[in-house]
Amino acid sequence: DTTLPSEWDRWRFFLVVVIPWVALYQFTTKMGAHGFAFRLWFEDRSPIYPWTSLFYQSTYITVVLAPWCARTQRDLRRLMISAWVAMAVVFPIYWIIPSSAPRYPLVDNSWLAHVLSFERNTYPPAAAFPSFHVLWAVFVGRLYRPRWLGTAYVATIAVSCITTGMHYIPDVIASLFIAPLFLQPQRAWNWLLRRTEWIAN
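**Student:** Break down the overall build of the chain for me, citing the residues and quoting the values.
**Tutor:** Assigned secondary structure in the chain consists of eight helices and zero strands. For the chain, the sequential pattern of α-helices and β-strands runs α-α-α-α-α-α-α-α. For 201 residues, the compact-globule estimate of 2.2 N^0.38 gives 17 Å, and the C-alpha radius of gyration of the chain, at 18 Å, lies within 12% of that figure. Projected onto its principal axes, the C-alpha coordinates of the chain cover approximately 55 × 45 × 30 Å. Burial analysis of the chain (201 residues in total) assigns 44% to the buried set. Put simply, 89% of the contacts in the chain that link residues at least 6 apart link residues at least 24 apart. Element-wise, carbon and sulfur atoms account for 69% of the exposed surface of the chain, whose accessible area totals about 11500 Å². Positive and negative side-chain charges of the chain, numbering 17 and 10 respectively, have mean locations separated by a distance of 6 Å.

**Student:** Please set out helix 4 (residues 111–122) residue by residue, giving values where relevant.
**Tutor:** Think of an α-helix as 3.6 residues a turn; residues three or four steps apart then line up on the same face. Relative to the 16 Å expected for twelve residues at 1.5 Å per residue, helix 4 spans 16 Å between its end C-alpha atoms, a close match to the ideal helical length. Among the residues of helix 4, Leu112, Ala113, Leu116, Glu119 and Arg120 are the ones counted as buried. Mapping the buried residues of helix 4 onto a view down its axis gives an arc of 115°, with all of them on the same face. Across helix 4 from its buried face, at more than 90 degrees, point the exposed residues Trp111, Phe118 and Asn121. Next to the buried residues of helix 4 lie helix 2 (53–69).

**Student:** Outline the pattern of salt bridges, supporting the account with residue identities and numerical values.
**Tutor:** Evaluated as defined, the whole model comprises three salt bridges. Here Glu7 and Arg10 are joined by a salt bridge, their closest N and O atoms 3.8 Å apart. With Glu7 and Arg10 both in helix 1 (residues 7–29) and three residues apart, the pair spans about one turn of that helix. Judged by its relative accessible area of 45%, Glu7 is partly exposed. In this structure Arg10 comes out as buried when scored by relative accessible area, which is 6%. Linking Asp44 and Arg39 is a salt bridge whose minimum nitrogen-to-oxygen distance equals 3.3 Å. Arg39 sits in the partly exposed class, given a relative accessible area of 41%.

**Student:** Account for a nonpolar patch on the surface, with residues named and values stated.
**Tutor:** Taken together, the side chains of Trp8, Trp11, Leu15, Ile19 and Trp68 make up a nonpolar region of the molecular surface, amounting to roughly 570 Å² of accessible area. By residue number, the principal contributor to the nonpolar patch is helix 1, which donates four residues. Checked against the element boundaries, Trp68 lands in helix 2. Classification of Trp68 as partly exposed rests on a relative accessible area of 34%.

Parameters and conventions
- Residues numbered from 1 in each chain as written.
- Predicted model: local features only at pLDDT ≥ 70, side-chain atom pairs only at ≥ 80, totals over all residues.
- Heavy atoms only, no water.
- Helix = DSSP H or I, 4+ residues; strand = E, 2+ residues; numbered from the N terminus.
- Rg over C-alpha atoms; globule rule 2.2 N^0.38 Å.
- Buried < 20%, exposed > 50% of the residue type's maximum accessible area, 1.4 Å probe, protein only.
- Contact = heavy atoms within 4.5 Å.
- Areas by Shrake-Rupley, 256 points an atom, 1.4 Å probe, with all protein chains shown as cover.
- Lys, Arg positive; Asp, Glu negative; His and termini not counted.
- Charge placed at Lys NZ, Arg CZ, Asp CG, Glu CD.
- Expected span 1.5 Å × (residues − 1).
- Arc of directions from axis to C-beta.
- Salt bridge = Lys/Arg side-chain N within 4 Å of Asp/Glu carboxyl O.
- Patch = residues over 30% accessible without salt bridge, like charges linked within 9 Å, V, L, I, M, F, W, Y side chains within 5 Å.

Written as structure tokens, this is what we have:
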């Protein structure tokens, strides 16, 4: 409904969405499967801009604050369902088709480069295609008003995934391509049912 979410509703987001996601991600990265690099031919020569890690890592903060950006129970519920459906689809992709993320050498010695190095050393170069970082940005960006602010946020995160060397371009494109299915999972499900009925008849 359109009522304001309670504090319990907001905190429940961490119990039923964030914690399960972290558990699945940790499980996936510890599988140790050798992943395929979904990269374009020129990406091995792409430069890294460590200062863009500020945008890339902002996703962790925006996900934590997302329940308080939801203005209504409906907004919060849509956020949770989108995350659940994405987890149900994307993590099996990581298991069936293991993927790897780039790890280009860092030549910069600035403090931002050290921040980016910490990110790279904390998380292994796995579970990259499609980028869940971009999916989180899409889910959270839908909560922002005016709408252009959410679009700008998604675009910034998508670009930072590449400029930090944390993802390949196809990782980002794949996420942007499948994100609409997760934003409107009921519509996608109804479409699939109609196609199934058409084939059966």
